[in-house]
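This is what each chain is made of:
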Amino acid sequence: MEITRVFNESKGRYGSPKITKILNNQGIKISQKRVGRRMKSLGLRSITIKKFNHFGKSKTDNTKEYPNLLEQNFFAEKPSQKWVGDITYIYTIETGWTYLAIVIDLFDLKVIGWSYGLNMTDELVIDAFNKALVNRGLESGGIFHSDRGSQYTSNNYEDLLSTIKIQHSYSKKGYPYDNASMESSNAILKKEEVNVNTYQTFEEAKLVIFEFIESWYNNKRIHSTLGYITPNQKYNNYITNLAIA
């Protein structure tokens, strides 16, 4: 059964909308309603989100202005115009809470830089940003958007952005909608991987994160907001169109 095949290939991460798209793209014409009915009869259910709120300490300079330059405009005409970043939390039996800093390009929603560590520091987010610079580069005058956590408002981080002439945009305090694209990507990571597995060690979790981001999320996972293609397909299509133009 092709529905079961696609479901298993996604490791149970896809529901009926994405399975329908995949099958249609493979030349198998079937409606979403039929896929949904068949999944129900087979007992196939996509992974559901387990909510967890981790409240870390966030220090901000109340005398400083924190402008929101993005203003919830998550559209980018081309790569390297608008990036977003955030830190998410992953639990391991060995070390307790660990921390993953991610940078995403809003053009194709690709994770272009990430860093995983035992401590939630400005070094962690700087490392993720520097990896993104190596992998893609953010044009001078481009926007990097984050929350007002102490890691992103640290002197070290602000000096880095200032040195390379990047504008820093900030979410309003306690308002996740200002970074909705990043929140959505974190939810995907939690829903499809972190919240359905238990990691014994830091190294085990790091290996799984690498596989999820580099192999699955960037390369295989289709996104409805991209027209049901992958981040890598979105970027490659852009490069191909540039060559043709």
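Our subject is the structure listed above.
Residues numbered from 1 in each chain as written. Predicted model: local features only at pLDDT ≥ 70, side-chain atom pairs only at ≥ 80, totals over all residues. Heavy atoms only, no water.

## Re the overall build of the chain
The number of helices and strands found in the chain is eight helices and five strands. Its helices and strands in sequence order give the chain the pattern α-α-α-β-β-β-α-β-α-β-α-α-α, from N to C terminus. Over its C-alpha atoms the chain spans a radius of gyration of 19 Å, differing by no more than 12% from the 18 Å that the globule rule assigns to 245 residues. Principal-axis analysis of the C-alpha atoms gives the chain an extent of 60 × 55 × 30 Å. The burial tally for the chain puts 47% of its 245 residues in the buried class. In the chain, the proportion of contacts linking residues at least 24 apart, taken out of those at least 6 apart, comes to 63%. Summed over all atoms, the accessible surface of the chain reaches about 13100 Å², with 50% contributed by carbon and sulfur. The centroid of the 32 positive side-chain charges in the chain is displaced by 11 Å from the centroid of its 25 negative side-chain charges. (Helix = DSSP H or I, 4+ residues; strand = E, 2+ residues; numbered from the N terminus. Rg over C-alpha atoms; globule rule 2.2 N^0.38 Å. Buried < 20%, exposed > 50% of the residue type's maximum accessible area, 1.4 Å probe, protein only. Contact = heavy atoms within 4.5 Å. Areas by Shrake-Rupley, 256 points an atom, 1.4 Å probe, with all protein chains shown as cover. Lys, Arg positive; Asp, Glu negative; His and termini not counted. Charge placed at Lys NZ, Arg CZ, Asp CG, Glu CD.)

## What about the packing of helix H4 (residues 122-135) against helix H5 (residues 155-163)?
Packing of H4 against H5 brings their axes to within 9 Å, and their N-to-C directions diverge by 20°. As judged from the angle between their axes, H4 and H5 are roughly parallel. Residues Asp122, Val125, Ile126, Phe129 and Asn130 of H4 touch H5, and the partners they reach there are Asn156, Tyr157, Leu160 and Leu161. (Axes fitted to C-alpha atoms, helices over the stretch in contact; angles between N-to-C directions. Parallel < 35°, antiparallel > 145°, perpendicular 65-115°, else oblique.)

## Quick look at the nonpolar core
In terms of nonpolar packing, the biggest core is built from 39 residues, with Ile3, Ile19, Leu100, Ile102, Trp114 and Tyr116 touching the most fellow members. Sorting the residues of this core by element identifies helix H1 (2-9), helix H2 (16-25), helix H3 (32-42), strand E1 (82-92), strand E2 (96-105), strand E3 (110-117), helix H6 (180-192) and helix H7 (202-217) as the ones contributing at least two each. Looking at which element gives the most residues to this core, the answer is H7, with seven residues. Apart from the residues within four sequence positions on either side, Leu100 is in contact with Asp86, Ile87, Thr88, Ile90, Trp114, Ser115, Tyr116, Leu189 and Ile209. Ranked by size, the runner-up nonpolar core spans 20 residues in total, among them Trp83, Ile112, Val125 and Ala132. (Core = buried A, V, L, I, M, F, W, Y, C linked by side-chain atoms within 4.5 Å.)

## Focus: the pattern of salt bridges
Using the criterion set out here, one finds eight salt bridges in the structure. The salt bridge partner of Arg5 is Glu2, with a shortest N-O separation of 2.6 Å. Highlighted residues: Arg5 and Glu2, both in helix H1, separated by three residues, approximately one helical turn. Given the relative accessible area of 35%, Glu2 is considered partly exposed. Residues Glu192 and Arg221 are paired through a salt bridge, measuring 2.8 Å at the closest nitrogen-oxygen approach. Taken together, the positions of Glu192 in helix H6 and Arg221 in the loop between H7 and helix H8 (231-244) put the pair 29 residues apart, joining distant regions of the chain. Summarising the burial analysis for this pair, Glu192 and Arg221 share the class buried. Taken together, the shared-partner salt bridges in this structure form one network comprising Glu2, Arg5 and Glu9. (Salt bridge = Lys/Arg side-chain N within 4 Å of Asp/Glu carboxyl O.)

## As for the packing of aromatic side chains
According to the stated counting rule, one finds 13 aromatic pairs in the structure shown. Arranged with centres 5.4 Å apart and planes meeting at 90°, the rings of Phe129 and Phe144 form a pair that is edge-to-face. Remark: Phe144 occurs in strand E4 (residues 143-146) and Phe129 occurs in helix H4; sequence separation between them is 15 residues. Accessibility assignment for this pair places Phe129 and Phe144 in one class, buried. In textbook terms, an aromatic cluster arises when at least three aromatic residues are bridged by ring pairs, as seen for Trp83, Phe129, Phe144, Tyr152 and Tyr157. (Phe/Tyr/Trp six-rings, centres within 6.5 Å; stacked < 30°, edge-to-face > 60°.)

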